[in-house]
Amino acid sequence: FNFIVEKGVFAGLQFAMFYEEGTVAPDEETLWEISKNSYGLGVRMIFNTAIIRFDVGFSEEGTEVTFFIGYPF
């Protein structure tokens, strides 16, 4: 990657797999009755001044793609 981007700028490349599960409900009484889960893959490129992140998540409801540029906080 250092051959494409100016040498010394690129700091790291990270890959991640994730799985998450949670509950959803319109009110407190039915909070634990419905459970949803999802899983996916993510790639993060860390530069000296910014982070570029690309995630793909899958669930029963479909596929979601998320793209971030910059630090999360």
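Residues numbered from 1 in each chain as written. Predicted model: local features only at pLDDT ≥ 70, side-chain atom pairs only at ≥ 80, totals over all residues. Heavy atoms only, no water.

1. Quick notes on the packing of aromatic side chains
Now for step 1: All chains considered together, the criterion is met by 1 aromatic pair.
Now for step 2: For the pair Y39 and F58, a centre-to-centre distance of 5.7 Å together with 35° between the ring planes defines the contact as tilted. Of this pair, Y39 sits in strand β2 (residues 35-47) while F58 sits in strand β3 (residues 51-59), and the two are 19 residues apart along the sequence.
Now for step 3: A relative accessible area of 47% means that Y39 is categorised as partly exposed. (Phe/Tyr/Trp six-rings, centres within 6.5 Å; stacked < 30°, edge-to-face > 60°. Helix = DSSP H or I, 4+ residues; strand = E, 2+ residues; numbered from the N terminus. Buried < 20%, exposed > 50% of the residue type's maximum accessible area, 1.4 Å probe, protein only.)

2. Considering the pattern of salt bridges
Now for step 1: Counted by the stated rule, this structure contains 2 salt bridges.
Now for step 2: Note that K36 is salt-bridged to E61, the shortest N-O span being 3.2 Å. Residue K36 is located in strand β2, and its partner E61 is located in the loop between β3 and β4 (62-69); the two are separated by 25 residues in the primary sequence.
Now for step 3: Overall, E61 belongs to the exposed group, its relative accessible area being 64%.
Now for step 4: The closest approach of N and O atoms between D55 and R53, which form a salt bridge, is 2.8 Å.
Now for step 5: D55 gets classed as buried once you look at its relative accessible area, which sits at 12%. (Salt bridge = Lys/Arg side-chain N within 4 Å of Asp/Glu carboxyl O.)

Read these as geometric descriptors, not functional statements.
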